[in-house]
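Listed below, chain by chain, are the residues.
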Amino acid sequence: MPKKRIDMILDILNEQGYVTVKYLTEQLHFSTATINRDLNLLQKQQLIHRHYGGAELVKAQSTPLVFRYHKMRPVKKLIGKKAAELIKDGQTIFIDASTTAQCLAPYITNLKHLTVITNNMTLASHLSEHNINCICLGGRIVEVPFMLGGIDTETQARSYTADIMFFSTSGISESGKIYDDDTYLNLHRIMTENSKQVVYLADHNKLNVHTGRILFDLSGVDAIVTDHVFKSETMEKFHRTKFITVETPKTQR
């Protein structure tokens, strides 16, 4: 029960940013003493700051892009290869700027009459060299050297529709909640709304990383491509979502 209660507190903090002790006691129906004890524990773990009768999440420093590009690279390539099998000739697809989704590139260059819409300048440049019709969403560079974001990017994304969207975020919980950085949260929502099919990509290193805010849970995607084997209760809960597991030394154990 304590772990479940603390997870609920973290979920609320991810959604609200800052909450009071009074708000938590009313929402979770536990005593002030119990909530204070949980918050003190979270503060000791350096997950929150306590002040003004409440608490706020410690803002996590995002990993620099150059490190994310190389982190879990072999697994990301396997995920990209498996995800590419979902794409057909003639389709229009959103691919976000994540380093995971970028791994789709080598496996879609042979497709015909494909249109790719992305906020990743490097991806757009690479695919255009392979005669793929690429639309690079404009906007400001939010992560040097090639990731675009902000209001202009979001506005342009609204004007396009796609057959499939491929994206990744900062993390996902074992219970199926998808966490996203504020930089891309609105863009991901727009791409999701404007796509017939939504595919989430996540290696096991993203499991139970609670940074950013909750975008939605796995009910908001049609499929997840991952090297993590989710618990049976999670897959049953999201039975409408297709769980596509890539085989790695980790999943084969």
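The sections below set out a description of the structure shown in this document. Residue positions are given per chain, counted from 1 along the sequence in the order it is written. At least 70 in pLDDT is required for a residue's local features to be given in this predicted model, at least 80 for side-chain atom pairs to be given and counted, and no such filter applies to totals for whole chains, interfaces and linings, which use all residues. To obtain the side-chain values, all non-hydrogen atoms of the structure were included, while hydrogens and water were left out.

Glancing now at the packing of helix H2 (residues 21-28) against helix H3 (residues 32-44). Look at H2 against H3: their axes get within 9 Å of each other, and the N-to-C directions meet at 115°. Comparing their axes, H3 and H2 come out roughly perpendicular. The interaxial crossing formed by H2 with H3 has right-handed handedness. Facing H2, whose interface residues are Val21, Leu24, Thr25 and Leu28, H3 presents Thr32, Ile35, Asn36 and Leu39. The convention used is that axes are lines fitted to C-alpha atoms, helices contributing only their stretch in contact, and that angles between N-to-C directions extend from 0 to 180 degrees. Strands are runs of DSSP state E lasting at least two residues, helices are runs of H or I lasting at least four, and both sets are numbered from the N terminus onward. Any angle that falls under 35 degrees is termed roughly parallel, while one over 145 is termed roughly antiparallel, one within 65 to 115 roughly perpendicular, and all others oblique. The hand of a helix crossing depends on one turn: near helix anticlockwise from the far one by less than a right angle means left-handed, and clockwise means right-handed. Contact criterion: two residues are considered in contact whenever any of their non-hydrogen atoms come within 4.5 Å of each other.

Okay, the pairing of strand E2 (residues 48-51) next. By the convention used here, strands pair only if DSSP detects at least 2 bridges between them. Bridge count between E2 and strand E3 (residues 54-57): 4 bridges; the pairing is antiparallel. Bridge pairing in E3 links Ile48 to Leu57.

Here we come to the sheet that holds strand E13 (residues 213-217). Here we have 3 strands laid out as an open sheet, ordered E10-E11-E13, and antiparallel in their pairing. Of all the strands in the sheet, just strand E10 (171-172) and E13 have a single pairing partner and so form its edges. Here helix H8 (residues 182-193) sits on the sheet in contact with strand E11 (177-180) and E13, set at roughly 20° to E13.

Another aspect to go through is the side chain of Thr118. Here Thr118 shows up in strand E5 (residues 115-118). For this analysis, a polar contact is any N or O atom pair within 3.5 Å, provided that within protein one partner can donate a hydrogen and the other can accept it, and provided that sequence-adjacent residues contribute only side-chain to side-chain pairs. In this structure the side chain of Thr118 is engaged in a polar contact, spanning 3.0 Å, whose partner is the backbone nitrogen of Asn120. If we skip the residues at most four places from it in the chain, Thr118 touches Ile95, Asp96, Leu123, Ala124, Ile135, Cys136 and Leu137.

Taken together, Met121, Ile141 and Val144 make up a surface patch of nonpolar side chains, about 280 Å² in accessible area. Residue position: Met121 is located in helix H6 (residues 121-128). Only residues whose relative accessible area exceeds 30% and that form no salt bridge enter a patch; like-charged residues are grouped when within 9 Å of one another, and nonpolar side chains (Val, Leu, Ile, Met, Phe, Trp, Tyr) when within 5 Å. Surface accessibility follows the Shrake-Rupley procedure with a 1.4 Å probe radius. Residue values consider only the protein chains on display as shielding. Any carboxyl oxygen of Asp or Glu that lies within 4 Å of a side-chain nitrogen of Lys or Arg is treated as forming a salt bridge with it.

Although it is not a glycine, His29 adopts a positive phi angle of roughly 60°. Its place among the elements puts His29 in the loop between H2 and H3. Whether a residue is buried, partly exposed or exposed follows from its accessible area with a 1.4 Å probe, protein chains only, as a fraction of its type maximum: under 20%, in between, or over 50%, in that order. Since its relative accessible area comes to 67%, His29 is described here as exposed. The backbone phi angle of His113 is positive, close to 55°, even though this residue is not glycine. In this structure, His113 sits in the loop between strand E4 (92-95) and E5.

On to the side chain of Thr25. Position of Thr25 relative to the elements: it lies in helix H2. Judged by relative accessible area, which is 15%, Thr25 ranks as buried. Ignoring any residue separated from it by four or fewer positions in sequence, one finds Thr25 in contact with Phe30, Ser31, Thr32 and Ile35.

Secondary-structure assignment places Asp96 in the loop between E4 and E5. Once the C-alpha coordinates of Asp96 and Leu148 are considered, the two residues, 52 residues apart in sequence, prove to be 9.6 Å apart. Beyond its immediate stretch of four places on either side in the chain, Asp96 contacts Ala101, Thr118, Asn119, Asn120, Phe166, Phe167, Ser168, His188 and Met191. In terms of polar contacts, Asp96 uses its side chain to reach the side chain of Ser98, at 2.7 Å.

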